Amino acid sequence: MEQLEKIIIPGITDGMRVESRVLEEQIQKAVERGYLDIEVQAYGQHGIGGRLWNTMGKPVNISVVGYPGQRAGSMGSPMTRIEIQGPASDDVGWLNAGATIVVHGDATNGVANAMAQGKIYVDGDIGARGMTMTKSNPRFDPPELWVLGGVGDSFAEFMAGGVAVICGLGSHYRGNILGHRPCVGMVGGKIFLRGTQKGYSDADAKLIRMSDEDWSWLTTNMKDFLDAIKKADLFDVLTSERSKWQVLQALAPHEKTLRSMTAMSVFRSEVWDRELGKGGLIGDLTDIDRSPVTLITTGALRRFVPVWENDKYLPPCQANCPTGIPVQKRWELIRKGEVQNAIDLALEYTPFPATVCGYLCPNICMDHCTRGLDFLPSTDISMLGKASINAAEPIPAKPSGKKIAIIGGGPAGLSVAWQLYLQGHKPEVYDRAKKLGGKIASVIPNSRFPKDVFEHELKRISEKVTHVRLKKDLTEETFKEILDRHDFTVIAVGAQTPRSMKVEGHANAVSALEFLELSKRDGLKVGKKIVIIGAGNVGCDVATEAHRLGARDITLIDIQQPASFGKEREAAEAVGAKFLWPVHTRAITRKGVELAGGEILDADIVVVSIGDQPDLSFLPISMDVKNGFVAVDNTFMTSDPKIYAIGDSVKAGLITDAIGAGRTVAQTIDARINGRSETYDQLPVVDYSRIRLEYYNPREEKPEDIAACSLQCASCGACRDCGLCEAICPQQAISRRDLQGGRYEYAVDDRLCIGCGFCAQACPCGIWELRENDPLE
């Protein structure tokens, strides 16, 4: 890390106060860039100077001017020095773990609360509950608090370690330099005080004689304190009279007053047996053993028992992936070094793992990633999707001789065709287009995905399925002929008919479908101004394509809050598109769009993007249709048990929804042919609360490759074989067992397990569940 000159970080920018979180991030980034001398112009921000864990072994000096908020220096780290150029608010040095903190003025309540290491120097008084709940690790120097003045009430409450030095100079606390009720619950540490103190908790602490060793320590370290607060001239004043100093020290356990206790044997004979034993309430009803149960029980007497539930639940990413891709399993394979297997696995679920997962999908799996609950970045599946361009083809099952017709060669139709091919059946795809691929090939802008990636994946599936090109629109008669020649038929015609607006001049507009088809072939001139009616994701695609073709004034309007999101919305905003809502269209003229309020939005071209619907005119009247879509059950079977329907012919949705539906239908058809079924996708989703995200670094940089990305996966519901449960068990009741086929399990010895739940609380992946034990008979 290169050392740079001093940097000033303001707490106000453009007249607005910088959020505490943002200011902390700016300090962290300054240290990462090599700044070791930092001035912070505080304006009430909390936690200034804390958590600088990675300084590359070099000391960092932070000067705080202005008005720092609470918890200055909280969770401070070694190699950090924080100097507050004035008074400070509550909880200075909260959970300090090694920083040196100097306050040039008074500090309010909670100074050094729960401090474990480091030093705090205060040039003035402090408020109530200073030095409470401190602790000290004998491997390190104890925490120190030095106060030039006095302290408020409840000082050193529950103090368990450390040293406090209270000088009593110029204090507002006259008569009680430690305030009221100091040292309550004190169990460790030592307090040096100079001045008058009328009382303290003598049940927890005692005054002791100042030893020569203590005096030597005090006078030696006094110089550092006074130098830090720039008052070295007070050294003689504070050290000239040793008799003015007193020392308070925590009582040792054997010194504390013990209350008398009744022995268990006496209680049993004189109380328990007399009331419940022979001659008691139940003495003549049962001879069950009523001897005392040991305090910590095992076996059948435990209230709770841990259960290892590996792979009993779906991870949220897979459960919410419409295609059902085992995202977590792929990251697991990469962690094991089986990168190619992880890449290959995707082709068992989708024919377009690179095109869709890498580029087109909004990555719903990432939206549901458990890491997001703690504001950690989701594990980036798009990196693995893009790598899937190198996936090796799975080996298909033996031919079954069964033929399945698929009406439509878009993502839905090709998905079901691919799955049926892998299962050994013969899919035949019927489509009017010369080239398969549906809207990916003909509508979705090339800017959304690399053309060569899609062509590679399309070529792979085109070589495996039969493409029957229809020479004319499908009729009911032709459809019946197809049904008769195949064992099953799948309708995947997509939505190819644009919805129209019933407004004056609607013929002056172009549909989004037509616009995108023409723009993909560069067969369209748009002018400089365009208005798009409908601000969904398709409308956003129109906006980005219009900009590519030369439009510079792009407006999307909607009657409600735009439903667009993700990459499409971001791309539209990036080219300067404006979103207006809620607005209603009165008419479409050659000049543009006239709104209900009379306002005219000028446009060289108007595009209507309010959705498309399928053409189902070829279906027999006996088939159920609802609201313009084919009616299906949860397996996508229609009212005819030999016909299934998927994709936009059933419901408008995402490409990944269509691909997932194709996989579901293929599994259903295969199950009906061969009697097999898959159950993994039907498992319940693991409860988010079972996953422990405390093990992950919230400041970790974005991974540069899939190997680094795999390490960020929390492996929800699937054991990572870390052995933490085995190591943390206080009874050594958990052991790892090797099973056949390279598998393993973690087993519990009921004779040793006490049901404490450490395993469940520590498990990063949520594998262990603590259940109530079966009741005793």
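Residues numbered from 1 in each chain as written. Predicted model: local features only at pLDDT ≥ 70, side-chain atom pairs only at ≥ 80, totals over all residues. Heavy atoms only, no water.

Draft legend 1. Representation of the packing of aromatic side chains. Tallied over the entire structure, the rule returns 13 aromatic pairs. Taking 5.5 Å as the distance between ring centres and 50 degrees as the angle between the ring planes, the aromatic pair formed by Y121 and F225 counts as tilted. With Y121 in strand β8 (residues 117-122) and F225 in helix α2 (residues 212-228), the pair connects residues that are 104 residues apart, well separated along the chain. In this structure F225 comes out as buried when scored by relative accessible area, which is 0%. (Phe/Tyr/Trp six-rings, centres within 6.5 Å; stacked < 30°, edge-to-face > 60°. Helix = DSSP H or I, 4+ residues; strand = E, 2+ residues; numbered from the N terminus. Buried < 20%, exposed > 50% of the residue type's maximum accessible area, 1.4 Å probe, protein only.)

Draft legend 2. Layout of a nonpolar patch on the surface. Together, M264, F267, V271 and W272 make up an exposed nonpolar region whose accessible area comes to about 380 Å². Positionally, M264 belongs in helix α4 (residues 264-276). (Patch = residues over 30% accessible without salt bridge, like charges linked within 9 Å, V, L, I, M, F, W, Y side chains within 5 Å. Areas by Shrake-Rupley, 256 points an atom, 1.4 Å probe, with all protein chains shown as cover. Salt bridge = Lys/Arg side-chain N within 4 Å of Asp/Glu carboxyl O.)

Draft legend 3. Structural view of the sheet that holds strand β13 (residues 245-250). Spatially, the 11 strands line up as an open sheet ordered β1-β4-β5-β6-β7-β8-β9-β10-β11-β13-β12, and their pairing is mixed. The sheet is open, and its two borders are formed by β1 (7-10) and β12 (205-208), each paired with just one other strand. Going across the sheet, the axis of each strand differs from the next one's by a mean of 15 degrees, ignoring polarity. Two elements, β8 and strand β9 (residues 144-147), share four bridges in a ladder whose sense is parallel. Paired with V122 across the bridge in β9 is V147. Where helix α1 (residues 20-33) meets the sheet, it contacts β1, β4 (37-43) and β5 (60-67), and its direction lies at approximately 170 degrees from that of β1. Sheet strands in contact with α2 are β6 (80-84), β7 (97-103), β8, β9, β10 (160-166), β11 (188-194) and β13, and its direction is about 70 degrees off that of β9. (Pairing = 2+ DSSP bridges. Axes fitted to C-alpha atoms, helices over the stretch in contact; angles between N-to-C directions. Contact = heavy atoms within 4.5 Å.)

Draft legend 4. Spotlight on empty space enclosed by the protein. Enumeration over the complete set of coordinates arrives at four cavities of 30 Å³ or more. In this structure, the largest cavity spans a volume of roughly 150 Å³. Contributing to the lining of the largest cavity are 18 residues, with C317, C369, T370, T379 and C713 lying nearest its centre. Those elements giving two or more residues to the lining of the largest cavity turn out to be α5 (316-320), α6 (327-335) and α9 (364-367). Counting residues per element, the lining of the largest cavity draws most heavily on α6, which supplies three residues. Classifying every residue of the lining of the largest cavity gives 12 nonpolar, five polar and one charged. (1 Å grid on protein atoms, 1.4 Å probe; cavity = no way out; pocket = protein on both sides within 12 Å on 5 of 7 lines; lining within 4 Å. Points joined across faces, edges and corners; volume = space filled by probe spheres on them. Nonpolar A, V, L, I, M, F, W, Y, C, P; charged D, E, K, R; others polar.)

Draft legend 5. The arrangement of the pattern of salt bridges in detail. One pass over the full model with this rule turns up 36 salt bridges. Taking the shortest distance from any N to any O, the salt bridge between E309 and R690 comes out at 3.1 Å. Note that E309 is positioned in the loop between β14 (304-308) and α5 and R690 in the loop between α18 (655-674) and α19 (706-712), a separation of 381 residues in sequence. Here the two residues E309 and R690 agree in accessibility, since each one is buried. What emerges from the salt-bridge pattern is a single network uniting E309, R690, E769 and R771.

Draft legend 6. Examining the sheet that holds strand β25 (residues 592-595) more closely. What the three strands build is an open sheet, ordered β24-β25-β26; its pairing is antiparallel. At either end of the open sheet lies a strand with only one pairing partner, and these are β24 (585-588) and β26 (600-602). Ignoring strand direction, the axes of neighbouring strands in this sheet form an average angle of 25 degrees. In this sheet, β26 lies alongside β25 in antiparallel orientation, the contact comprising three bridges.

Draft legend 7. Expanded view of the environment of G179. Following the sequence through the fold, G179 ends up in the loop between β10 and β11. Once the C-alpha coordinates of G179 and C765 are considered, the two residues, 586 residues apart in sequence, prove to be 48 Å apart. If near-sequence neighbours (up to four positions away) are discounted, G179 is found in contact with V151, G152, D153 and Q197.

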